[in-house]
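One letter stands for each residue in the lines below.
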Amino acid sequence: MAAPYSWNPGIEGVTSPWAIPVPLLPDEIISSWLVRAALTQGCDPLVLTGEVWPKWRIWAQDADRFFVDERLKSLCTVSGIPMEEFRAATLYPIASRIFGSNPPEKASWPWILTLGARNIKRHGGMQYCSSCLTEDAKPYYRRQWRFAWHTGCEKHGVSLLDRCHACGAPIEPHRLLAEDQNIAVCATCKSDLRNASSHTCPADALAFQGMVDHVVLHGQGSFQGQNIDVSEWFVLVNFFESLIRRANRSRAETMNDFLHRLGLQLPDGLPVLSGAGVDMLRTNERQKLLGMVYPLVVADKEQFEIALKESGITLQTFCSKGETLPKPLLEITSTLPDKPRVHIRKAARKLVGPRPRQEVMRMMARLQRKLEMAQR
Ligand SMILES: [Zn+2]
Ligand SMILES: [Zn+2]
């Protein structure tokens, strides 16, 4: 019987010029397959990719994003795996659905975790479930572990991990060496990641994850009883995500009241990295943030309308300057009090006052990311 999968089935029984053929496993992401292929043949991942692509340093970028047929062809020749199987194991098909068209080659892809690659070192970007890795006959990394909306393992009910439990390093299997033999080993300290323990994943975060999976897999989202296309649905989710972060910063009374009426209570110090997109946040930060977005997306129309009306929230508090109201919210917000803010000249603050807290936090976060990278 074929192994269960959520995103792509993988391919077994391949014939390849290699001494030991390496099948693509169910839901396996292409970078995981590349590393396993190298370790199975007894060589370093960097050596194998150097052989396949002598003039291309695949690990200096996001190896799961490449989609150039010419490059995939070299891989098909040595592995015996058809091109469409490899293509399905990259992040490209999912990113295209979210983006609504071809995603850009260089810029970051929305809702795909950023690796923050510098040479062959990473800042983050890969998650894992130690129980899944333990149960695998041959451990491997899943494609869904790179999705920003994935923060838990549905099968085991636990939070995904995004660092080595022993040394705190990001997950960088491409830096493993032939003698490590096993992809479930930390490339930095060589601890076995299958020994990591994890907490139960919060229910709202898991519910959000299931909802997004459904939207992406079925090619259609819904909001307040209306069907909307995937990219438009993501625009709406982005807006709610930004609204929660804004509410957390400003703690405006009417906004708090609106959220409260939908059953949401902002936790103290929502630990969300200031100034960073959701694709750059750590798993525990996304869990808190996306768990708060979930009730906004699933609230029914009447409940949403009453919360808007009774909180007394203005259009300007609901949608800040510089943001665009997503189409599905236009009608429901059309009766909100429209009171443009009076702009106070800020010139004097620039010269004398301290920098705003948010700005300092943003600078601090940027510095921390740089320091973390420099120390590794
Ligand atoms: Zn699991
Ligand atoms: Zn480690």
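Remember, predicted model here, so these are calculated numbers, not experimental data.

A. Local environment of the coordination of the zinc ion (ligand 2). The protein atoms that coordinate the zinc ion (ligand 2) are Cys164 (SG), Cys167 (SG), Cys186 (SG) and Cys189 (SG), at distances of 2.2 to 2.3 Å. One can describe the donor arrangement at the zinc ion (ligand 2) as tetrahedral, given that its four donor atoms subtend angles of 106 to 113° at the metal. Spacing between the donor residues of the zinc ion (ligand 2) along their common chain follows C-x2-C-x18-C-x2-C. Here Cys164 falls in the buried class, since its relative accessible area comes to 4%.

B. Spatial organisation of the coordination of the zinc ion (ligand 1). In this structure, Cys129 (SG), Cys132 (SG), Cys153 (SG) and His156 (ND1) serve as the protein donors to the zinc ion (ligand 1), at separations of 2.1 to 2.3 Å. The sequence pattern formed by the donor residues of the zinc ion (ligand 1) is C-x2-C-x20-C-x2-H. Overall, the relative accessible area of 8% leaves Cys132 in the buried class.

C. Geometry of a negative patch on the surface. Residues Asp300, Glu302, Glu305 and Glu331 make up a contiguous surface patch of negative charge. Tracing the backbone shows Asp300 in the loop between α10 (283–298) and α11 (301–311). Given the relative accessible area of 41%, Asp300 is considered partly exposed.

D. Structural detail: the domain arrangement of the chain. By domain assignment, the chain separates into domain 1 (30–195) and domain 2 (203–330). With centres defined by C-alpha atoms, the gap from domain 1 to domain 2 works out at 30 Å. Contacts between domain 1 and domain 2 engage 24 residues on the former and 23 residues on the latter. Note on domain 1 versus domain 2: buried area summed over both sides is about 2000 Å², and carbon and sulfur give 54% of it. Put simply, Asp162 and Arg282 hold a salt bridge, and the shortest N to O gap is 2.8 Å. Applying the counting rule to domain 1 against domain 2 returns 16 residue pairs in polar contact (both at pLDDT 80 or more).

E. How the structure looks around the environment of Ala374. Residue placement: Ala374 occurs in helix α15 (residues 357–375). Exposure remark for Ala374: the relative accessible area of 54% places this residue in the exposed category. In this structure, the C-alpha to C-alpha distance between Ala374 and Arg118, residues 256 residues apart in sequence, is 10.0 Å.

F. Layout of unusual backbone geometry. Of note in this structure, Lys190 is not a glycine but carries a positive phi near 70°. The topology assignment puts Lys190 in the loop between α6 (130–135) and α7 (203–218). What makes Lys190 partly exposed here is its relative accessible area of 37%. Positive phi is not limited to glycine here, since Gln224 has a value of about 50°. Structurally, Gln224 can be placed in the loop between β1 (221–223) and β2 (226–228).

G. Region of interest: the confidence of the model for the chain. Per-residue pLDDT for the chain averages 90, and the proportion of residues at 70 or more is 92%. Averaged pLDDT values for the elements of the chain fall to 52 in helix α14 (residues 347–351) and rise to 98 in α6.

H. Fine view of the packing of helix α1 (residues 30–40) against helix α2 (residues 45–52). For the pair α1 and α2, interaxial distance at closest approach is 8 Å and the crossing angle is 100°. The orientation of α1 relative to α2 falls into the category roughly perpendicular. Of α2, the residues touching α1 (which contributes Leu34, Val35, Ala37, Ala38 and Leu39) are Pro45, Leu48 and Thr49.

I. Expanded view of α10. Over its 16 residues, α10 extends 22 Å from the first C-alpha to the last, a length consistent with the 22 Å expected when each residue adds 1.5 Å. Among the residues of α10, those classed as buried are Thr283, Glu285, Arg286, Gln287, Leu289, Leu290, Gly291, Met292, Val293, Pro295, Leu296 and Val297. Those residues of α10 hidden inside the fold are in contact with α7, β1, α8 (230–250), α9 (253–261) and α11.

J. How the structure looks around the nonpolar core. Formed by 107 residues in total, the largest nonpolar core has its most connected members in Phe258, Phe304 and Phe318. Ranked by residues supplied to this core, first place goes to α8 with 10 residues. Built from parts of two domains, this core gets at least three residues from each of domain 1 (30–195) and domain 2 (203–330).

K. Main features of the side chain of Ser159. For Ser159, the position within the fold is in the loop between α6 and α7. Discounting chain neighbours no more than four positions away, the residues touching Ser159 are Thr151, Gly152, Ser198, His199, Thr200, Cys201, Pro202 and Gln287.

L. Highlighting a positive patch on the surface. Side chains of Arg249, Arg362, Arg366 and Lys370 sit close together on the surface and give a patch of like positive charge. For the positive patch, the leading source of residues is α15, giving three residues. Relative to the assigned elements, Arg366 resides in helix α15. Here Arg366 falls in the partly exposed class, since its relative accessible area comes to 43%.

Calculation criteria
- Residues numbered from 1 in each chain as written.
- Chains lettered and ligands numbered in written order.
- Predicted model: local features only at pLDDT ≥ 70, side-chain atom pairs only at ≥ 80, totals over all residues.
- Heavy atoms only, no water.
- Donors = N, O, S within 2.8 Å, 3.2 Å for Na, K, Ca; no water.
- Tetrahedral: all angles 85-135°; square planar, octahedral: opposite > 155°, others 65-115°.
- Buried < 20%, exposed > 50% of the residue type's maximum accessible area, 1.4 Å probe, protein only.
- Patch = residues over 30% accessible without salt bridge, like charges linked within 9 Å, V, L, I, M, F, W, Y side chains within 5 Å.
- Areas by Shrake-Rupley, 256 points an atom, 1.4 Å probe, with all protein chains shown as cover.
- Salt bridge = Lys/Arg side-chain N within 4 Å of Asp/Glu carboxyl O.
- Lys, Arg positive; Asp, Glu negative; His and termini not counted.
- Charge placed at Lys NZ, Arg CZ, Asp CG, Glu CD.
- Helix = DSSP H or I, 4+ residues; strand = E, 2+ residues; numbered from the N terminus.
- Domains from an automatic or database assignment.
- Contact = heavy atoms within 4.5 Å.
- Buried area = accessible area lost by both parts, 1.4 Å probe.
- Polar contact = N/O pair within 3.5 Å; in protein donor to acceptor, adjacent residues only side chain to side chain.
- pLDDT = per-residue confidence, 0-100.
- Axes fitted to C-alpha atoms, helices over the stretch in contact; angles between N-to-C directions.
- Parallel < 35°, antiparallel > 145°, perpendicular 65-115°, else oblique.
- Expected span 1.5 Å × (residues − 1).
- Core = buried A, V, L, I, M, F, W, Y, C linked by side-chain atoms within 4.5 Å.

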